[in-house]
Amino acid sequence: MAARKNRKRLEVLEKVPTGITGFDEITQGGLPRGRPTLICGGPGSGKTLFGMEFLMRGATEYGEPGVFISFEETMEEMTKNVASLGFDLKHLMATKKLFFDYVHIERSEIEETGAYDLEGLFIRINDAITIVGAKRVVLDTIESLFAGLPNPFILRAELRRLFRWLKKKGMTAVITGEQGTGSLTRHGMEEYISDCVILLDHRVSGQVSTRRLRILKYRGSTHGANEYPFLIDEKGITVLPISSLGLRHTVTSQRISSGIPRLDAMLGGKGFFRGSSILVSGTAGTGKTSIAAQFAAAGCRRGEKCLFFSFEESPSQIMRNMQSIGVDLQTPVKRGLLEFHAERPTLYGLETHLAAMHKLMQKFKPGIVVIDPVSNLGMVGNEADVKLMLIRLIDYMKEEGITALFTTLTTPGSALEQTEVGISSLTDTWLLLRDIELGGERNRALYVLKSRGMAHSNQIREFLLTDHGVDLLDVYIGPSGVLTGTARLSQESKEREADKMFFQDLECKNLHLENRKKAMEAQIAAMRAELESEAAEVKRLKEQESTRKKERTALQKTMVRMRKAD
Amino acid sequence: MQPKKVKKIKAEVWDLRLYVAGQTSKSLEAFANLKNICEQHLKGKYRIEIIDLLKNPRLAQGDQILAIPTLVRKLPQPLKKIIGDLSNTERVLVGLDIRSGATLP
């Protein structure tokens, strides 16, 4: 009883949402309210931007005005810097949502002549807080004080006092610090700010730069402890949280068409499950992009939105090539249902690709996503990294109920069932395209290697790229397996011949039968005629007989009369 | 409080501002020290202005005041800042660029 009461009275640490995409998810709420948070990182890692976005969004989205104390940039410089991100610093200052103060310490100007404290700084910050009624404070970067002021002991004591003072005032503060060699910050700020420490990392590996964020410490809260990749783009910072890798997504039984009716027939008659992931693998030139494009086009015709990520061809090239097989991708693009995003994979690191795709999917909200080809990502990461990235991607798409189609290139000569990035186990349906070499030619064939959750055909079907799209043809089995191409054509014609011959044979027999029937009928007619004539003869004889009888009787009667005796 | 512009004479006036935050022991000490130094080296040529930042916090921003107490030499140019309670007279003289005993132009 008492325990239950105690549990109710326990206060959970309150958190302040930053409004930075993805960050609030990782921290399960944001930064700790009323406490200072240390953001450390190397130059150019995004610390100032983090602080500025924290204030800006706090002011515009959460109704919490803020104070930005800058030790490095003037207001003009800062206004220009954040303008490129869509933030209007001047406007926020004018509407008293944000207060910007540039604290400048010129080392040469300062001569130390005795004991002092930093009350001036306190007064300035306090003044700023009072003017706008601030709830958030950013100090960027407080380590500049160490460069400016000669006495580190006084400085450290005052900093300690400052943070206690900020805490007392209930300010949620973000302090930025330059990363030192061997320590988190150059001057050891982590001694004073130990409630929450966040590390921003900006490293280059394999000529590709990646930004990563890590929550080193967060007192009073559980937090994700991994490194999270993040992007800085024209909207600010986007952190990519590793969404439920817990395989807890809900599924639907709805089915959608692949765009190729006979393929739908192979897939249990109805097509793919919505929200499933489909892999189309094959060697070069087997028609993977065509199948992907037809799937996308069919989706758009149904009114669904589709995102097409291309890592190899430009959108205009794809559209032109698909036009040649009768798949119209231009109309959905015009109607805004289809969006292409084409980049060489080597442009960014894997995490940046992932984060960028995430953002695009969140913004565009497609029902279908095509990634063509996914094997190219192997250029920017090893197999394990790419697989991890794809796991995250597939997880996200399953959660959102997006149906995903990946194409992947397999190298000729290797076992066809072994894809380059080991992705096949991650996908629900696997369509394998291969070339069948027979009788001096190569023809394309498709078969459904696996399709979870449905009965699927086990046939290897030949498919053609006709001018009205991808078409699957009937199966012709010859003595050596499936027949394709001209072998099929010849088999087809042979069968037609055979059919024709059989038909002709039948016709002949029919005729023959007819003739016999006629003959028999004639015979029967003749017999009947004979019978009739005989019957007539008998009748005549009978008549004759009766006439003779009558005559005899009459004669007898006459004779009796004449004899006058009987 | 604008310092009055004195008549332009060969002997310039030293315009000194002492920034304090309320009446603390440090600020009182600083003021006392300052008065002494000025009487000793700048007799008749100085003007001291006390600015209490607790009453006028906005002025801290204008002159970029961080530490308290801070003494700012506004005139003669260039601007010089000294932080501390001014107990180290040597440093004050160096900081204010007062050559002791020398007559000023």
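Residues numbered from 1 in each chain as written. Chains lettered and ligands numbered in written order. Predicted model: local features only at pLDDT ≥ 70, side-chain atom pairs only at ≥ 80, totals over all residues.

Caption draft 1: Geometry of the overall build of chain A. Check the secondary structure of chain A and you find 15 helices and 25 strands. Each of the 566 residues in chain A was classed as buried or not, and the buried ones make up 40%. A sequence separation of at least 24 residues applies to 70% of the contacts in chain A between residues at least 6 apart. (Helix = DSSP H or I, 4+ residues; strand = E, 2+ residues; numbered from the N terminus. Buried ≥ 20, exposed ≤ 12 C-beta atoms within 10 Å, placed from the backbone. Contact = placed C-beta atoms within 7 Å.)

Caption draft 2: Just the interface of chain A and chain B, in detail. Across the boundary between the two partners, chain A contributes 20 residues, which contact 29 residues of chain B. Looking at the side of chain A that touches chain B, the elements that each hand over two or more residues are strand S6 (110-112) and helix H6 (119-132) of chain A. Here the element with the most residues in the side of chain A that touches chain B is H6 of chain A; it accounts for six residues. A breakdown of the residues in the side of chain A that touches chain B according to their chemical character gives eight nonpolar, four polar and eight charged. As judged from the three bridges shared by S6 of chain A and strand S4 (residues 80-83) of chain B, these two strands associate in the parallel manner. Among the inter-strand pairings, Ile110 of chain A is bridged to a residue of S4 of chain B, identified as Lys81 of chain B. (Nonpolar A, V, L, I, M, F, W, Y, C, P; charged D, E, K, R; others polar. Pairing = 2+ DSSP bridges.)

Caption draft 3: Spatial organisation of the sheet that holds strand S22 (residues 461-466) of chain A. All names here are of chain A. One open sheet holds the nine strands; their spatial order is S17-S16-S18-S19-S15-S20-S21-S22-S23, and the pairing between them is mixed. Every interior strand has two partners, whereas the edge strands, strand S17 (338-342) and strand S23 (469-472), have only one. Geometrically, the sheet is characterised by an average inter-axis angle of 25° between neighbouring strands, direction not taken into account. Bridge analysis of S22 against S23 gives four bridges, and the strand direction is antiparallel. Looking across to S23, one finds that Leu465 is bridged to Val470. Its contacts with the sheet put helix H15 (residues 485-563) on strand S20 (429-438), strand S21 (441-451) and S22, and the angle it makes with S21 is roughly 90°. (Axes fitted to C-alpha atoms, helices over the stretch in contact; angles between N-to-C directions.)

Caption draft 4: Spatial organisation of the packing of helix H13 (residues 350-364) of chain A against helix H14 (residues 383-400) of chain A. All names here are of chain A. At their nearest, the axes of H13 and H14 sit 10 Å apart, and the two run at 10° to each other. One way to sum up the angle between H13 and H14 is to call them roughly parallel. Mapping the contact onto sequence places Leu350, Leu354, Met357 and His358 in H13 and Asp385, Val386, Met389, Arg392, Leu393 and Tyr396 in H14. Broken down by class, the residue content of the contact of H13 with H14 amounts to seven nonpolar, one polar and two charged. (Parallel < 35°, antiparallel > 145°, perpendicular 65-115°, else oblique.)

Caption draft 5: View of the environment of Glu53 of chain A. Residue and element names in this part refer to chain A. Mapping Glu53 onto the fold places it in helix H3 (residues 47-61). Taking the C-beta count within 10 Å as the criterion, Glu53 has 24 such neighbours and is therefore assigned buried. Once the C-alpha coordinates of Glu53 and Leu85 are considered, the two residues, 32 residues apart in sequence, prove to be 9.5 Å apart. Not counting the four nearest positions on each side in its chain, Glu53 is found in contact with Ile20, Gly236 and Ile237.

Caption draft 6: Spotlight on the confidence of the model for chain B. Residues and elements named next belong to chain B. Residues with a pLDDT of 70 or more make up 84% of chain B, whose mean pLDDT is 80. Ignoring residues within four places in sequence, the model shows residues 6-10, a span with pLDDT below 50, making two contacts including any to other chains. Between residues 101-105, whose pLDDT stays under 50, and residues either more than four places distant or in other chains, the model counts four contacts. Scored by ipTM, the complex comes to 0.81, with pTM at 0.70. (pLDDT = per-residue confidence, 0-100.)

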